[in-house]
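Below are the chains, spelled out letter by letter.
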Amino acid sequence: MDKTKLIIDCDAGIDDAQAIMLALARPDAEVLAITCVSGNTEVDHVCRNVLRILTICDHIEIPVYRGCTKALVDHGKHAKFYHGLDGLCDLKGLPEVDMNLIQTEHASCAMNRIVGENQGKITLICIGPLTNVAVALRLNPDFGKQLKKCVIMGGNTEGQGNIEDGSAAEFNFHFDPEAAYMVLHELSCPITTFSWEAVLQNQYPWDWLKRILNIKTSKAIFHSTILRTSLDKHNEWQFPGYSFCDPTVVAIALKETIVTKSRDVFATVELQGRLSRGQMVSDSRNLQKTPPNVKQALEIDRDLMMEMFSSVFEERSDSK
Ligand SMILES: [Ca+2]
């Protein structure tokens, strides 16, 4: 089987953990590197969390790179209201890890090197703010041309935000609007985005999630432990179902057919605005007569998504 070669750029993060667990469990994926960026929490916490996830999944051999400590212009606000101070709900008892395992090469340099060594073969999965990718672009303007494709968790299609300050932007784009702008305008490879509104419109049955939370393998217990606090937020927000952000992006990267409705559109990012800084703005009527630069995934084959995610926790001989 030809495996899809992945670089995962993340700000782990609870749903980043789910996304990485999904990628590592897939026989059709090869994770070449995980790069870390400031976002949900500080970048050192992100690095530690990624090592914890790799430890639980028995894939500590995958290289992890530390990336940007701040957004390009502003210092964005971390999402401690959902992910806790350390990105995984400040829980005790998570695996101890050796931070010396973090590679010395900067994440943006590593992205460029690995993509240069595998030209046209790498799918870049972006599930955090886009700062590392923007810096990779500034180091090498041809970075995008050397990618196979890029799939991004981020942006808006209808101006709904998911940040406590009430702004009309999605978290990853809001955290570093300039980086998101650069990526949409300059990353010259096929780009697919999964917006916050698409997350809300593709929710999953609570009963299905409860079945996963009741599995008692070490990997499933880790997953249910880190999810517990965030589920209180879902209850508080009265979501009708469970919402998947980052894992859906991994699924889209590996199986394009999981997207059952999409639109190709020219989109940019608002860099000003009191309430809309960081909002993705789409020219859905093509009034500017500008060629599309993104495919926006709108609807997901939820049965397939549930099947893919459930398989992460299926028993194997190693009980992971
Ligand atoms: Ca994330």
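Numbering of residues starts from 1 in each chain and follows the order in which that chain's sequence is written. Local features in this predicted model are restricted to residues of pLDDT 70 or higher, and side-chain atom pairs are both shown and tallied only at a pLDDT of 80 or more, whereas totals for entire chains, interfaces and linings draw on every residue. Side-chain figures throughout are based on the complete set of non-hydrogen atoms in the structure, without hydrogens or water.

A.B. asks: I'd like a description of the coordination of the calcium ion, backed by residues and values.
C.D. replies: For the calcium ion, the protein coordination sphere consists of Asp11 (OD), Asp16 (OD), Asp16 (OD), Ile127 (O) and Asp246 (OD), at 2.2 to 2.6 Å. Expressed as a motif, the donor residue spacing for the calcium ion is D-x4-D-x110-I-x118-D. One end of the pair, Asp16, is in helix α1 (residues 14–25); the other, Ile127, is in the loop between β4 (122–126) and α5 (131–139), and 111 residues separate them in sequence. Each metal's donors are the N, O and S atoms found within 2.8 Å of it, except that Na, K and Ca use a 3.2 Å limit; water is left out, so coordination can look incomplete. Counting from the N terminus, the helices are the DSSP runs of H or I reaching at least four residues and the strands are the DSSP runs of E reaching at least two.

A.B. asks: Can you tell me about the packing of aromatic side chains, naming the residues and giving the values?
C.D. replies: Classification of ring pairs rests on two measures: the distance between centres of Phe, Tyr or Trp rings, Trp counted by its six-membered ring, which must be within 6.5 Å, and the angle between planes, read as stacked under 30 degrees, edge-to-face over 60 and tilted in between. Scanning all chains against the criterion turns up 10 aromatic pairs. Relative to Phe239, the ring of Trp196 has its centre 6.5 Å away and its plane inclined at 50°; by these criteria the two rings are tilted. Placement of Trp196 in helix α8 (residues 196–201) and of Phe239 in the loop between α10 (218–237) and β8 (242–243) is noted, with a sequence separation of 43 residues between them. A residue is classified by how much of its surface remains accessible, and Trp196, at 9% relative accessible area, is buried. Three or more aromatic residues joined by ring pairs make a cluster, and in this case those are Tyr204, Trp206, Trp208, Tyr242, Phe244, Phe309 and Phe313. Exposure is judged per residue with a 1.4 Å probe applied to protein chains only, and the accessible area is read against the type maximum: over 50% gives exposed, under 20% gives buried, and values in between give partly exposed.

A.B. asks: Can you break down the sheet that holds strand β12 (residues 294–300) residue by residue, with the values?
C.D. replies: As a general point, the strands of a sheet are linked pairwise by backbone hydrogen bonds and lie either parallel or antiparallel. We treat two strands as partners when DSSP finds at least two bridges between them. Taken in spatial order, the eight strands line up as β3-β2-β1-β4-β5-β6-β12-β9 in an open sheet, and their pairing is mixed. Each edge of the open sheet is held by one strand with a lone partner, namely β3 (64–66) and β9 (259–265). Shown here is a sheet whose adjacent strand axes are inclined to one another by a mean of 25°, direction ignored. The sheet contacts of α1 involve β1 (4–10) and β2 (29–36), and relative to β1 the element is tilted by about 165°. Axis lines are fitted to C-alpha atoms, over the contacting stretch for helices. Their N-to-C directions set the angle, which ranges from 0 to 180 degrees. The contact criterion used throughout is that any non-hydrogen atoms of two residues lie within 4.5 Å.

A.B. asks: Please give an account of helix α11 (residues 246–254) that cites residues and values.
C.D. replies: One turn of an α-helix holds 3.6 residues; hence residues three or four places apart share an orientation. Of all nine residues in α11, nine are buried, a share of seventy percent or more. Within α11, the full set of buried residues consists of Asp246, Pro247, Thr248, Val249, Val250, Ala251, Ile252, Ala253 and Leu254.

A.B. asks: So, the pairing of β2: which residues are in play, and what are the values?
C.D. replies: Consecutive side chains along a regular strand alternate between the two faces of the sheet. Along β2, seven of the eight residues are buried, which leaves the element largely enclosed by surrounding structure. Of the strand pairs in this sheet, β1 and β2 are connected by seven bridges, and their pairing is parallel. Counted as the bridge partner of Ile7 is Ala33 from β2. Orient the strands so they point away from the viewer, and a crossover whose first-strand-to-second-strand path over the helix runs clockwise is right-handed. Handedness of the β1-α1-β2 crossover: right-handed.

A.B. asks: Kindly report on the side chain of Arg277, identifying the contributing residues and their values.
C.D. replies: By secondary structure assignment, the location of Arg277 is in the loop between β10 (267–269) and β11 (280–282). By relative accessible area, which is 16% here, Arg277 ends up buried. Between N or O atoms, a polar contact is any pair within 3.5 Å; within protein, one atom must be a potential hydrogen donor and the other a potential acceptor, and residues adjacent in sequence are included only when both atoms are from side chains. At 3.0 Å, the side chain of Arg277 and the side chain of Glu178 are in polar contact. Not counting chain neighbours up to four residues away, the residues in contact with Arg277 comprise Asp74, Ala169, His174, Pro177, Glu178, Glu270, Leu271 and Gln272.

A.B. asks: Report on the pairing of strand β5 (residues 149–153), specifying residues and quantitative values.
C.D. replies: Within β5, five of the five residues are buried, which leaves it mostly tucked inside the rest of the structure. Because side chains alternate across β5, one face comprises the buried residues Lys149, Val151 and Met153, and the other comprises Cys150 and Ile152, equally buried. Taken together, the four bridges between β4 and β5 define a ladder with parallel strand orientation. Within β5, the position partnered with Cys126 by the bridge is Ile152. Between β4 and its parallel partner β5, the chain crosses via α5, and the hand of that crossover is right-handed. Where β5 and strand β6 (residues 191–194) come together, four bridges link them in parallel fashion. By the bridge assignment for β6, Cys150 is matched with Ile191.

A.B. asks: I'd like to hear about the UniProt feature "domain: Inosine/uridine-preferring nucleoside hydrolase" (unreviewed entry) in the protein chain, residue by residue, with values.
C.D. replies: Under the UniProt annotation, the feature "domain: Inosine/uridine-preferring nucleoside hydrolase" (unreviewed entry) is placed at residues 6–305. Helix makes up 37% of residues 6–305 and strand 18%, whereas the separation of the span's terminal C-alpha atoms amounts to 19 Å. UniProt positions are given in the numbering used here, feature names are shortened, and annotations may be inferred rather than shown by experiment.

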